[in-house]
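# Structural overview
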Amino acid sequence: MEWWKTVMVGDQEINTRKVEPENSSLSDLDGDTRQTVEKMMYDQRQKQMGLPTSEEQKKQEMLSKFMSQHPEMDFSKCKFN
C-alpha cells in the first residue's frame, strides 16, 4: 500500500509519521465486522495459549459427532492432527 504524499497537487506533504489514529472500540463497529474481529481476537488468544482455534474446535466437534454416530467403526488406530 502506498500513501499519497499530498491530498492535492501543490499541497504540503503529509508526514504519515505524525498521524495518530483515533482510539476505537469494538462497539464502534457494525455487527458483522465486530463479530469477525472478536473471532480473530479469540483465535489469536487460543493460539497463544496453545489451544485450538474456533475452526479447529468446530472440526473436532464434527469428528466427535461422526465417531459417536458410527460406533461400528474402529478409530483406535487413527492419528488425527
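A few points on the structure.

### Comments concerning the overall build of the protein chain
Of regular secondary structure, the protein chain possesses 2 helices and 0 strands. Against the globule reference of 12 Å for 81 residues, the protein chain gives a C-alpha radius of gyration of 24 Å, more extended than a compact globule. When its C-alpha atoms are laid out on the principal axes, the protein chain stretches across 75 × 25 × 25 Å. Each of the 81 residues in the protein chain was classed as buried or not, and the buried ones make up 6%.

### Focus on the environment of Pro52
Position of Pro52 among the secondary structure elements: in the loop between α1 (31-48) and α2 (54-69). What Pro52 contacts, discounting residues up to four positions off in sequence, is Gln46, Gln57 and Gln60.

### Comments concerning α1
Look at α1: 26 Å from first C-alpha to last across 18 residues, which is about the 26 Å you get at 1.5 Å a residue. Residue Asp30 occupies the N-cap position of α1, its side-chain oxygen lying 3.2 Å from the main-chain nitrogen of Asp32.

### A closer look at the pattern of salt bridges
Applying the stated criterion to the full structure yields 2 salt bridges. A salt bridge links Glu38 to Arg34, with the shortest nitrogen-to-oxygen separation between them at 3.1 Å. Taken together, the residues Glu38 and Arg34, both in helix α1 and 4 residues apart, mark about one turn of the helix. With a shortest N-O distance of 3.4 Å, Lys39 and Asp43 are connected by a salt bridge. Taken as a pair, Lys39 and Asp43 lie in helix α1 at a separation of 4 residues, close to a single helical turn. Overall, the relative accessible area of 43% leaves Lys39 in the partly exposed class.

Rules of the game
Residues numbered from 1 in each chain as written. Predicted model: local features only at pLDDT ≥ 70, side-chain atom pairs only at ≥ 80, totals over all residues. Heavy atoms only, no water. Helix = DSSP H or I, 4+ residues; strand = E, 2+ residues; numbered from the N terminus. Rg over C-alpha atoms; globule rule 2.2 N^0.38 Å. Buried < 20%, exposed > 50% of the residue type's maximum accessible area, 1.4 Å probe, protein only. Contact = heavy atoms within 4.5 Å. Expected span 1.5 Å × (residues − 1). Polar contact = N/O pair within 3.5 Å; in protein donor to acceptor, adjacent residues only side chain to side chain. Salt bridge = Lys/Arg side-chain N within 4 Å of Asp/Glu carboxyl O.

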